[in-house]
Amino acid sequence: MSELGCAQEYKVVIHWLGGARPFTAPGAVSLTSVTWNRTVNDTSEATIVINKGTAGTSCCADLGRIEPWVHELTVYRNGELVWQGPIIRVTENATRFLVEAWDVTAWLARCVNTTLLRYLSTNPSDPRHVGPVQEIAETIIRANLEGGLYAPSPDWPRMVPYIVRDDDTTVTRFEKDGSDNNSVWQVPILTIMNDELVPRGLEYTTVGRALILGRSQTTSDKAQARLSLDSFAGDVEIVRDGTAGTTLVWVTNQNDQEISGAQFGVSGVISGVYGRLDLLVRSTAEGLSAYDLWQIARASYNGRNPMPTSLKIPDGAGLSPRAPVTIHQLVPGVRIDVAADGMCMGLTQPYRLSDLDVEWRDSAEKVGVSLVPIGDPYTGAPPA
């Protein structure tokens with residue numbers, strides 16, 4: 001059985017932009033601490049601290065030439081790459097050198113969209129056709145990074161070859177093109193993903209250099225691992241909380257001042273067990289169709305039915321080295337089951353990993369996770 005295990009060694013390399021050509025590599029003896037994380041629908045971070053007294057003159061000179069956005073930080077755990085992204089900030093004092101970096105989604109936050117966002121065509125040969133929201137996200141990224149008037153070179157951050165997709169089965173129609181149907185929405189690509197595509201069911205994360213464009217996991221998806229309460233270092237609490245429980249999610253663009261002419265979308269089932277538990281979400285976005293509102297309702301439904309049962313992991317606790325899961329399986333968004341044997345609320349509950357936080361200091365590693373409940377998939381049909 002695979003286990004998380006203990007990190008025997010951490011190594012970091014500073015690469016040139018693109019993550020392939022090494023610039024410098026601080027020695028293990030000078031590496032004081034390493035922290036890194038993975039997260040879903042956000043940009044993760046990594047930080048290293050180097051002891052200048054043991055780094056040596058040559059290494060110190062190299063560190064002094066590090067440039068944000070020109071160099072990248074790469075983190076290896078037991079010889080395997082676990083994190084990579086552009087360096088954002090370096091800080092030096094009399095005794096230490098601090099390097100801070102963001103993952104590769106930082107490039108998408110600093111690249112303004114120059115393409116028309118009109119994905120309504122039913123012709124598969126049209127680059128802007130309807131399809132899974134993950135495919136639309138990749139098309140927008142490729143169109144902006146691979147060419148265009150303002151690209152310094154094709155795919156200058158070297159991201160496109162490392163895009164990985166896990167497509168939804170639902171077809172997405174998406175447009176953000178103004179009243180003339182021909183205007184370019186000039187915002188960063190990451191804003192498009194966060195504000196328009198995530199509400200329609202996109203989930204994104206990074207592992208190493210890979211950008212994963214995925215979807216919300218449900219009880220119909222296979223679990224990556226099955227943990228017990230013994231897999232956690234600390235006294236885990238089980239909380240069954242009905243405040244977020246919902247059987248019908250309603251999304252409307254109606255406002256209190258003008259209730260006529262509004263549209264709505266609804267997802268869920270009227271439960272014979274819970275009855276009818278409604279959640280109303282108001283959207284202030286302009287130009288949303290009934291199909292758009294249904295997509296937002298569908299994405300909001302996951303994890304609310306049946307009633308969410310969450311794990312409360314104490315601050316400072318984390319996974320035990322004997323936990324039956326590898327570091328490569330700890331990808332935000334994946335399903336992980338937890339069996340609470342021996343408890344009054346004994347159950348096996350499916351969860352979604354939302355965050356992974358790792359700290360290595362004084363040759364000891366702490367691996368923290370955040371798990372959120374997932375529920376049954378919604379299988380209702382979209383509006384006609």
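Residues numbered from 1 in each chain as written. Predicted model: local features only at pLDDT ≥ 70, side-chain atom pairs only at ≥ 80, totals over all residues. Heavy atoms only, no water.

### Points about the overall build of the chain
Thought 1: A tally of helices and strands in the chain yields six helices and 23 strands.
Thought 2: Expected size for 384 residues packed as a compact globule is a radius of gyration near 21 Å; at 23 Å, the chain falls within 12% of this value.
Thought 3: Dimensions of the chain, computed from the C-alpha atoms along their principal axes, are close to 70 × 65 × 40 Å.
Thought 4: A buried classification covers 47% of the 384 residues belonging to the chain.
Thought 5: Across the chain, contacts joining residues at least 24 apart in sequence account for 70% of those joining residues at least 6 apart.
Thought 6: For the chain, the accessible surface area stands at approximately 18000 Å², while carbon and sulfur atoms represent 49% of it.
Thought 7: Taken as two groups, the 32 positive and 44 negative side-chain charges of the chain have centres that lie 2 Å from each other. (Helix = DSSP H or I, 4+ residues; strand = E, 2+ residues; numbered from the N terminus. Rg over C-alpha atoms; globule rule 2.2 N^0.38 Å. Buried < 20%, exposed > 50% of the residue type's maximum accessible area, 1.4 Å probe, protein only. Contact = heavy atoms within 4.5 Å. Areas by Shrake-Rupley, 256 points an atom, 1.4 Å probe, with all protein chains shown as cover. Lys, Arg positive; Asp, Glu negative; His and termini not counted. Charge placed at Lys NZ, Arg CZ, Asp CG, Glu CD.)

### Some thoughts on the pattern of salt bridges
Once the charged atoms of two side chains with opposite charge are near each other, the side chains can pair.
Thought 1: A full pass over the atoms with the stated rule returns 21 salt bridges.
Thought 2: Among the salt bridges present, the one from K52 reaches E92, with a minimum N-O distance of 2.7 Å. One end of the pair, K52, is in helix α1 (residues 52-55); the other, E92, is in strand β6 (residues 80-92), and 40 residues separate them in sequence.
Thought 3: On the basis of relative accessible area, E92 is assigned to the partly exposed category, the value being 46%. (Salt bridge = Lys/Arg side-chain N within 4 Å of Asp/Glu carboxyl O.)

### Quick word on the environment of E67
Thought 1: Assignment of secondary structure puts E67 in the loop between α2 (57-63) and β5 (71-77).
Thought 2: The partly exposed category is assigned to E67, whose relative accessible area is 44%.
Thought 3: Along the backbone, E67 and S2 are 65 residues apart, and their C-alpha atoms lie at a distance of 39 Å.

### Structural notes on the sheet that holds strand β16 (residues 248-252)
Thought 1: Sheet architecture is open: three strands sit in the order β17-β16-β18, paired in mixed fashion. Looking along the sheet, the strands with just one partner apiece sit at the ends: β17 (264-268) and β18 (278-282). Mean inter-strand twist for the sheet, computed between neighbouring axes without regard to direction, equals 15°.
Thought 2: As judged from the five bridges shared by β16 and β18, these two strands associate in the parallel manner. Paired with L248 across the strands is D278, a residue of β18.
Thought 3: Of the strands in this sheet, β16 and β17 touch helix α6 (residues 290-301), which is tilted by about 30° from β17. (Pairing = 2+ DSSP bridges. Axes fitted to C-alpha atoms, helices over the stretch in contact; angles between N-to-C directions.)

### A word on helix α5 (residues 189-197)
Thought 1: Along α5, the residues that are buried comprise I189, L190, I192, M193, E196 and L197.
Thought 2: Those residues of α5 hidden inside the fold are in contact with α3 (105-109), β8 (117-119), α4 (133-145), β10 (174-176), β11 (202-207) and β12 (210-215).

### Focus on unusual backbone geometry
Thought 1: The residue after N305, namely P306, is reached through a cis peptide bond having omega 5°.
Thought 2: Locating P306 in the fold gives a position in the loop between α6 and β19 (309-312).
Thought 3: Of note in this structure, R158 is not a glycine but carries a positive phi near 55°.
Thought 4: Examined against the element boundaries, R158 turns out to sit in the loop between α4 and β9 (163-165).
Thought 5: Exposure remark for R158: the relative accessible area of 32% places this residue in the partly exposed category.
Thought 6: Its identity as a non-glycine residue notwithstanding, N181 has a phi of 60°, on the positive side.
Thought 7: Here N181 shows up in the loop between β10 and α5.

### Section: the side chain of D103
Thought 1: Along the chain, D103 falls in the loop between β7 (96-102) and α3.
Thought 2: Setting aside residues no more than four positions away along its own chain, D103 makes contact with D42, T43, S44, W83, Q84, G85, P86 and T206.

### A few points about the packing of aromatic side chains
Any pair of aromatic rings gets described here by the distance separating the centres and the angle formed by the planes.
Thought 1: In total, this model carries six aromatic pairs according to the counting rule given.
Thought 2: On the basis of an interplanar angle of 80° and a centroid distance of 5.2 Å, the ring pair of W16 and F23 is categorised as edge-to-face.
Thought 3: Measuring from centroid to centroid gives 5.0 Å for W69 and W107, while their planes differ by 65°, and the two rings are edge-to-face. Of this pair, W69 sits in the loop between α2 and β5 while W107 sits in helix α3; the two residues are 38 residues apart in sequence, bridging distant segments of the chain.
Thought 4: The residue whose ring lies beneath R173 is Y291, and the NZ or CZ to ring-centre distance is 4.0 Å. (Phe/Tyr/Trp six-rings, centres within 6.5 Å; stacked < 30°, edge-to-face > 60°. Lys NZ or Arg CZ within 6 Å of the ring centre and 35° of its normal.)

### Description of the sheet that holds β11
Thought 1: Here we have three strands laid out as an open sheet, ordered β9-β12-β11, and mixed in their pairing. The open sheet has two edge strands, β9 and β11, and neither has a second partner. On average, each strand axis in the sheet is inclined to that of its neighbour by 25°, with strand direction left out of account.
Thought 2: Inspection of the sheet shows β11 paired to β12 by six bridges, in the antiparallel sense. Bridging across to β12, V207 finds its partner in A210.
Thought 3: Along the sheet, α4 contacts β9, β11 and β12; its crossing angle with β12, the most-contacted strand, is approximately 150°.
Thought 4: Packing of α5 onto the sheet brings it into contact with β11 and β12, and relative to β11 it is tilted by some 140°.

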